[in-house]
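Coordinate analysis (summary)
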Amino acid sequence: MRPRQLWETTGILVVFVVFVLILAATVENFATPINIRTILVSVSVVGMVACTMLFCLAGGDFDLSVGSTVALGGVIAALVVNKTGSLAYAVLIPVCVGAVVGMVNGFFIAKVGINALITTLATMQIVRGSAQLASGGSSIGVSNESFAALGQTFWLGLPTPVWLMIGFFIIFGVLLNKTLFGRNTLAVGGNPEAARLAGIAVARTKIAVFTLQGMVAAFAGVVLASRVTSGQPTAGLGLELQVISACVLGGVSLTGGVGTITGVIVGVLIMGVLENAMGLLNIQAFWKLVISGSVLLLAVTLDRLKHKASLRRKAERV
Amino acid sequence: MSGGFLRFESISKSFPGVKALDTVSFGVESGSVHALVGENGAGKSTLLKILSGAYRQDSGSIVVAGEHVSFASPIDAIRSGVSVIYQELHLVPEMSIAENIYLGHLPNRFGFLESTVMLDLAATQLAEVGVQVDPREKVGRLPLALRQMVEIAKALTHDARIFAFDEPTSSLSAREVSRLFEIIERLKESGKAVLYVSHRMDEVFSLCNAITVLRDGKHVFTENDLSQTSRSEVVNLMVGREIEDIYGYKSRLIGEPVLEVKDVVAEGIRKPASLTVRAGEIVGIFGLVGAGRTELLKAIFGANRFASGSIWIDGVKRRIESTRDAIKAGIALCPEDRKDEGIFAIRSVKENNNLSARRRNAHMGVFIKERWEHWNALKQVERLRVRTPTIQQHVGNLSGGNQQKVVLGRWLSENPRVILLDEPTRGIDIGAKKEIYDLIYELAESGVGVVVVSSELPEVLGVCDRILVMREGEIVREIDRTEANQGLLLELALPTGDKSGAAA
Ligand SMILES: Nc1ncnc2c1ncn2[C@@H]1O[C@H](COP(=O)(O)OP(=O)(O)OP(=O)(O)O)[C@@H](O)[C@H]1O
Ligand SMILES: [Mg+2]
């Protein structure tokens, strides 16, 4: 049993290391410091959003509205910074808007009882539309120096977005493993009725998770806007799927109750490395889609197989 | 209303189509163990769920220590010192035993978990209920009986004044039951009020000192001194008629072997197991939890792979590699773990009933025969006396015992050659039990071979023609009905080196 558990937690890590070694040996310019930095920057937005998506999935739900929220966050940040010139406002206001989006999601899911797919599919469109409305349909350029600090500065040789992502991994890792909130989220996803009867405030936990998700997505949007010096209403298209695939690749269960931050980190990196290697190999954009889709399918299959294995183990024991 | 530390005052609760509780009033003293009995669907679990804040009553109130309390959610009830062990387990399978025990009130400092504290506390708590497992183990990996003990350990962590147990012993074996009784005895001595729901009259009369009977959602009887009443009076009040010899064993004509299991070794079966069941014969398998009884049935049914050995039906060797193979060969298994392996909670009674037999009762093997399914569901509901407003009701909404009957009905629709029944009367009331026994006889009478796994000694002794005793993954002895008695079976079933501490 122990070795099997070990495989479950580190299996994907082994796959990742082997994958990277193969790419390093076969793809030119892959294993260079500059390219590694490029990969890290390219996954920073997905990485940040994946932290809270982990909570959503662990709690038994998921959130399709994150891509739109990233766009809205960026657009609002650009509008605010152009008007006020203040970095603090350009961060704070979008994050508050993100919190509202998340709270709305959480309210409809936990209180009204509409399932997460429908709810977030709806808010995905509403929020995307709002981003388009706020920006007038085109991207909003930013030329403020201090705003660039978020996305374009370096610290100890790594870009700020990468440090932010690392910070999020640490914060949410601690939140999941070391706090009541994290345990309660896993309990809610693992068996909602048991959680309720044990006196856990199920609805409140879910709303909190979605609110965090909205805040983090909006913040990631601000960082992205700073990196590309504009707020774009089309930013983050399809991001929700990348984030969910990264989580599932990292062993987070789609049925709730299971997930680790290390898994998510590895999942995010696999996605980034794959994307990057396809770029270096000059793979056609159409093929990239086919490959990304296949990776998603593979990820879900892995999840299924693991689930089946654990069911079988259970059957063996009972 | 009479006095009492805990008082129910005119509690009513309706579900669509069912009046589950109708102005129920009675009191429970502190320092007493109060039995709550009644037929399946009488409303016992509903009352407990109202007590725990899981359901809200339509009218009426609960009084604790002279104060009216109102529980909008389980949190409120827990805070008011009420701790309930539900009929169905409520554990998070992916979490550790320790986390499950402290679910909802994990030891923490400023919201940060104190894992080592939690593990220590959980270990103590587990020792308290007498189970030796690593508190870091995931609950999903535990056998049913241990999960039940975890549930009990969990309830004891609350510093409660009122404890309510809903059929806690239905999945426990003799050893754990006696442990649980010691615990309840201690709760009573320390002045707690304990409500105890059970269908086992032996338990009620040895453990409890007061009793309340519910029938069809109505309060019919409360006696604060149990010695003032008798078993037959209680049963009479419960079911509204006399039940004499509940087993009513009759000998039958026994034919050729229908099922032969030869030297099967499988998961949980350590020594090659062999057994023969003849047409018309009822074979019992007795043993403690973890003795390998369920595993043996699952291996025969193709649900667990077997490493070696063979299975013969009507003298023909059959390859059984999946449950489908087994069903085709004429074997049916009615599983022990109803919630996980038996019912589809959000499907209707009708759907659950026909799930399996429809394969052979469809037009051209493809299109569902609506009329037949309707008829079959009605037939099983009637014959097993399932208490449900309609056959369209979701099975998840039925009382525990009635869910069990629906699962049984499904396998009876199969017309099997051999039927394997794993704890068939678990959670079933005494009236319905008799009907299930009568059904078992009827099946046997018609030439089916029946295997009954049970932890209830009187049941095994009362119903079976022949009894196999299992211990630690091996069949240790085969005893004829005429030679079997309680003492002998228990002695054979107890693990070697553990014969002193256990009681029936
Ligand atoms: N959630 C629900 N929705 C609809 N009907 C329900 C629901 N819960 C219980 N009932 C109905 O209420 C009645 C009482 O059920 P309850 O579970 O309290 O019975 P019980 O006395 O505990 O029976 P058992 O001995 O079988 O456990 C039953 O007829 C049952 O079908
Ligand atoms: Mg019940």
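Conventions we followed
Residues numbered from 1 in each chain as written. Chains lettered and ligands numbered in written order. Predicted model: local features only at pLDDT ≥ 70, side-chain atom pairs only at ≥ 80, totals over all residues. Heavy atoms only, no water. Helix = DSSP H or I, 4+ residues; strand = E, 2+ residues; numbered from the N terminus. Rg over C-alpha atoms; globule rule 2.2 N^0.38 Å. Buried < 20%, exposed > 50% of the residue type's maximum accessible area, 1.4 Å probe, protein only. Areas by Shrake-Rupley, 256 points an atom, 1.4 Å probe, with all protein chains shown as cover. Lys, Arg positive; Asp, Glu negative; His and termini not counted. Charge placed at Lys NZ, Arg CZ, Asp CG, Glu CD. Near = heavy atom within 4 Å. Polar contact = N/O pair within 3.5 Å; in protein donor to acceptor, adjacent residues only side chain to side chain. Nonpolar A, V, L, I, M, F, W, Y, C, P; charged D, E, K, R; others polar. Domains from an automatic or database assignment. Contact = heavy atoms within 4.5 Å. Salt bridge = Lys/Arg side-chain N within 4 Å of Asp/Glu carboxyl O. Pairing = 2+ DSSP bridges. Axes fitted to C-alpha atoms, helices over the stretch in contact; angles between N-to-C directions. Donors = N, O, S within 2.8 Å, 3.2 Å for Na, K, Ca; no water. Buried area = accessible area lost by both parts, 1.4 Å probe. Phe/Tyr/Trp six-rings, centres within 6.5 Å; stacked < 30°, edge-to-face > 60°.

1. Details of the overall build of chain A
- The secondary structure content of chain A amounts to 13 helices and four strands.
- The C-alpha atoms of chain A give a radius of gyration of 20 Å, which matches the 20 Å a tight globule of 318 residues would have.
- Across the 318 residues that make up chain A, the buried fraction comes to 51%.
- Element-wise, carbon and sulfur atoms account for 70% of the exposed surface of chain A, whose accessible area totals about 14,100 Å².
- Side-chain charges of chain A comprise 20 positive and 10 negative groups, with the mean position of each set lying 8 Å from the other.

2. As for the site of ligand 1
Residues and elements named next belong to chain B.
- Taken together, the neighbourhood of ligand 1 is formed by 22 residues, with Gly 41, Lys 44, Ser 45, Thr 46 and Ser 399 sitting nearest.
- One of the side-chain N or O atoms of Arg 387 is found 3.2 Å from an oxygen atom in ligand 1.
- At 3.1 Å, a backbone N or O of Asn 397 approaches a nitrogen atom of ligand 1.
- Notes on ligand 1: free accessible area 640 Å², of which the protein chains cover 93%.
- The set of elements that each furnish at least two residues to the shell around ligand 1 consists of strand S2 (18-28), helix H1 (44-51) and helix H14 (400-412).
- Examining the composition of the shell around ligand 1, we find that three residues originate from one element, H1, more than from any other.
- Here the residues of the shell around ligand 1 are counted per class, giving six nonpolar, twelve polar and four charged.
- Inspection of the shell around ligand 1 shows a minimum of three residues originating in each of domain 1 (6-239) and domain 3 (345-414).

3. Remarks on the interface of chain B and chain A
- The partner chain A presents 31 residues to the 34 residues of chain B that form the contact.
- Here chain B is connected to chain A by one salt bridge.
- Across the salt bridge formed by Arg183(A) and Glu99(B), the nearest N and O atoms sit 2.2 Å from each other.
- Along the contact surface separating chain B from chain A lie five residue pairs in polar contact (both at pLDDT 80 or more).
- Counting only elements with at least two residues in the side of chain B that touches chain A, the list comes to helix H2 (74-79), strand S8 (112-113) and helix H9 (293-300) of chain B.
- Classifying every residue of the side of chain B that touches chain A by side-chain character gives 15 nonpolar, eight polar and eleven charged.

4. A few points about the sheet that holds strand S17 (residues 316-318) of chain B
All names here are of chain B.
- Overall, antiparallel pairing links the four strands, which are arranged S14-S13-S16-S17 in an open sheet. The open sheet is flanked by strand S14 (269-278) and S17, the only strands paired with a single partner. Put simply, the sheet's adjacent strands are angled 15° from each other on average, direction ignored.
- By the bridge criterion, six bridges tie strand S13 (residues 257-266) to S14 in an arrangement that is antiparallel. Within S14, the position partnered with Leu 259 by the bridge is Val 277.

5. Some points on the coordination of the magnesium ion (ligand 2)
- Donor atoms from the polypeptide that bind the magnesium ion (ligand 2) are Ser45(B) (OG) and Gln87(B) (OE1), placed at 1.9 to 2.1 Å. Remark: Gln87(B) occurs in the loop between strand S6 (82-85) and helix H3 (97-101) and Ser45(B) occurs in helix H1; sequence separation between them is 42 residues.

6. Details of the domain arrangement of chain B
All names here are of chain B.
- Segmenting chain B into domains produces domain 1 (6-239), domain 2 (252-330 + 416-497) and domain 3 (345-414).
- Each of domain 1 and domain 2 has a C-alpha centre, and these two points are 32 Å apart.
- Contact residues are listed per partner, giving 20 residues for domain 1 and 14 residues for domain 2.
- Carbon and sulfur atoms make up 61% of the surface buried where domain 1 meets domain 2, a total of about 1,300 Å² over both sides.
- Summed over the shared surface of domain 1 and domain 2, the number is one salt bridge.
- The partner of Glu 456 in a salt bridge is Arg 200, and the shortest N-O contact between them spans 3.7 Å.
- When contributions to the side of domain 1 that touches domain 2 are tallied by element, the ones reaching two or more residues are helix H5 (144-157), helix H6 (174-189), helix H7 (201-207) and helix H8 (231-239).
- Its residues placed into classes, the side of domain 1 that touches domain 2 shows eight nonpolar, six polar and six charged.

7. So, the pattern of salt bridges
Residue and element names in this part refer to chain B.
- All chains considered together, the criterion is met by 28 salt bridges over all chains.
- With a closest N to O distance of 3.4 Å, Asp 216 and Arg 387 form a salt bridge. With a gap of 171 residues between them, Asp 216 in the loop between strand S11 (210-215) and strand S12 (218-223) and Arg 387 in the loop between helix H13 (370-383) and H14 connect regions that are remote in the sequence.
- Owing to a relative accessible area of 40%, Asp 216 belongs among the partly exposed residues under this scheme.
- Between Glu 370 and Lys 350 there is a salt bridge, with its nearest N and O atoms 3.0 Å apart. You can see Glu 370 sitting in helix H13 and its partner Lys 350 sitting in helix H12 (residues 349-354), a full 20 residues away along the chain.
- Members of the salt-bridge network, linked through shared partners, are Arg 200, Glu 203, Lys 433 and Glu 456.

8. Digging into the sheet that holds strand S21 (residues 466-471) of chain B
Residue and element names in this part refer to chain B.
- Judged by pairing direction, the sheet is mixed, and its six strands sit side by side in the order S18-S19-S20-S15-S21-S22 without closing on themselves. Both edges of this open sheet fall to strand S18 (331-334) and strand S22 (474-480), since each of them pairs with a single strand only. The sheet shows a mean angle of 20° between the axes of neighbouring strands, direction not considered.
- Of the strand pairs in this sheet, S18 and strand S19 (residues 418-422) are connected by four bridges, and their pairing is parallel. Its bridge partner being in S19, Leu 333 is matched across the sheet by Leu 420.
- This element, H9, spans strand S15 (282-286), S18, S19, strand S20 (449-454), S21 and S22 of the sheet and lies at about 150° to S19.
- In this fold helix H15 (residues 430-445) packs onto S15, S19 and S20, with an angle of close to 150° to the strand it touches most, S20.

9. What to know about the side chain of Thr211(A)
All names here are of chain A.
- Here Thr 211 lies in helix H10 (residues 202-228).
- Look at Thr 211 and you get buried, because its relative accessible area is 12%.
- Here Thr 211 is in contact with Ala 99, Gly 102 and Met 103, once residues within four sequence places are set aside.

10. A look at the packing of aromatic side chains
- The final tally for this structure, using the stated rule, is 13 aromatic pairs over all chains.
- When the centroid spacing of 5.0 Å and the interplanar angle of 70° are considered together, the rings of Trp155(A) and Trp163(A) count as edge-to-face.
- For Trp155(A), a relative accessible area of 53% puts it in the exposed group.
- For the ring pair Phe301(B) and Trp411(B), a centre distance of 5.9 Å and an interplane angle of 90° mean the geometry is edge-to-face.

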